[in-house]
Amino acid sequence: GDSVTQMEGPVTLSEEACLTINCTYTATGYPSLFWYVQYPGEGLQLLLKATKADDKGSNKGFEATYRKETTSFHLEKGSVQVSDSAVYFCALSEMNRDDKIIFGKGTRLHILP
Amino acid sequence: GAGVSQSPSNKVTEKGKDVELRCDPISGHTALYWYRQRLGQGLEFLIYFQGNSAPDKSGLPSDRFSAERTGESVSTLTIQRTQQEDSAVYLCASSSRGLAGVGTGQTQYFGPGTRLLVL
């Protein structure tokens, strides 16, 4: 079945460091890909998404490119801030089904001042 | 309302008791989803509603779990005879996905979750 694999955390970086969180997926169809973020004490929020191959999703300085050839959707940010500390979930949703989301296990990110 | 709301925010119960979790989706959203997040795990899909019907219940872990939706609005997730393994955060999401058979990739908006602890 469909699945999402993302790098395990926690990931600890200093402020202004460069971030990459790896994500790969397995899907039978043509999924949409997402990154969700869960800040401490808050609900899950959509960070960015891409709906077809080579699309780039971006938001709040984060970017991820839908790479069909490598079945990847790595999350990147050039300069992280303390406020980026959160748990990040890579996810997919099949376009020909009921839009249910398949999530990765999440990666906890700590940014040190 | 402005967003998806869930109640209660926290629930502690004894093993064997029944619990009901409530979700109020964003007004006008036809699609509603329940997910579960166990400690150290990703989110697991439980059930999907389109309107008041549930075309996909494939994620419900056992027959102790059931859910209903009324008035194309509020949904309740009921867990009977709770077990310690049911301890998790239960998340609800809604979207404006239409009735078409093809997925639309509509954004799902999540509630804050109900944290359930079964002692």
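Treat the numbers as computed from the prediction; the structure is a model and nothing was measured.

### Overview of the nonpolar core
Residues and elements named next belong to chain A. Counting 26 residues, the largest nonpolar core has Trp35, Leu47, Leu48, Phe73, Leu75 and Tyr88 as the members making the most contacts within it. Counting residues per element, the ones that place at least two in this core are strand E2 (11-14), strand E3 (19-21), strand E4 (23-26), strand E5 (31-38), strand E6 (44-50), strand E8 (62-65), strand E10 (86-94) and strand E12 (107-112). With four residues, the single largest contributor to this core is E10. When near neighbours in sequence (up to four residues on either side) are disregarded, Leu48 contacts Leu33, Phe34, Trp35, Gly57, Ser58, Asn59, Phe62, Glu63, Ala64, Phe73 and Leu75.

### Structural notes on unusual backbone geometry
Between Gly9 of chain A and the following residue, Pro10 of chain A, the backbone shows a cis peptide bond with an omega angle of 0°. The step from Ser7 of chain B to Pro8 of chain B runs through a cis peptide bond, and the omega angle for that step is -10°. Summarising the element assignment, Pro8 of chain B is placed in the loop between strand E1 (5-7) and strand E2 (10-13). The backbone of Glu16 of chain A sits at a positive phi, close to 75°, despite the residue not being glycine. With relative accessibility at 61%, the residue Glu16 of chain A sits in the exposed group.

### Here's the deal with the sheet that holds E3 of chain A
Paired through their backbone hydrogen bonds, the strands of a sheet run either parallel or antiparallel. Residues and elements named next belong to chain A. Taken together, the four strands give an open sheet; going across it, the order is E3-E9-E8-E7, and neighbouring strands pair in antiparallel fashion. Sheet topology places E3 and strand E7 (56-59) at the edges, where each strand pairs with a single neighbour. Ignoring which end each strand starts from, the neighbouring axes of this sheet average 15° apart.

About the thresholds
- Residues numbered from 1 in each chain as written.
- Chains lettered and ligands numbered in written order.
- Predicted model: local features only at pLDDT ≥ 70, side-chain atom pairs only at ≥ 80, totals over all residues.
- Heavy atoms only, no water.
- Core = buried A, V, L, I, M, F, W, Y, C linked by side-chain atoms within 4.5 Å.
- Buried < 20%, exposed > 50% of the residue type's maximum accessible area, 1.4 Å probe, protein only.
- Helix = DSSP H or I, 4+ residues; strand = E, 2+ residues; numbered from the N terminus.
- Contact = heavy atoms within 4.5 Å.
- Pairing = 2+ DSSP bridges.
- Axes fitted to C-alpha atoms, helices over the stretch in contact; angles between N-to-C directions.

That is the geometry; function is a separate question.
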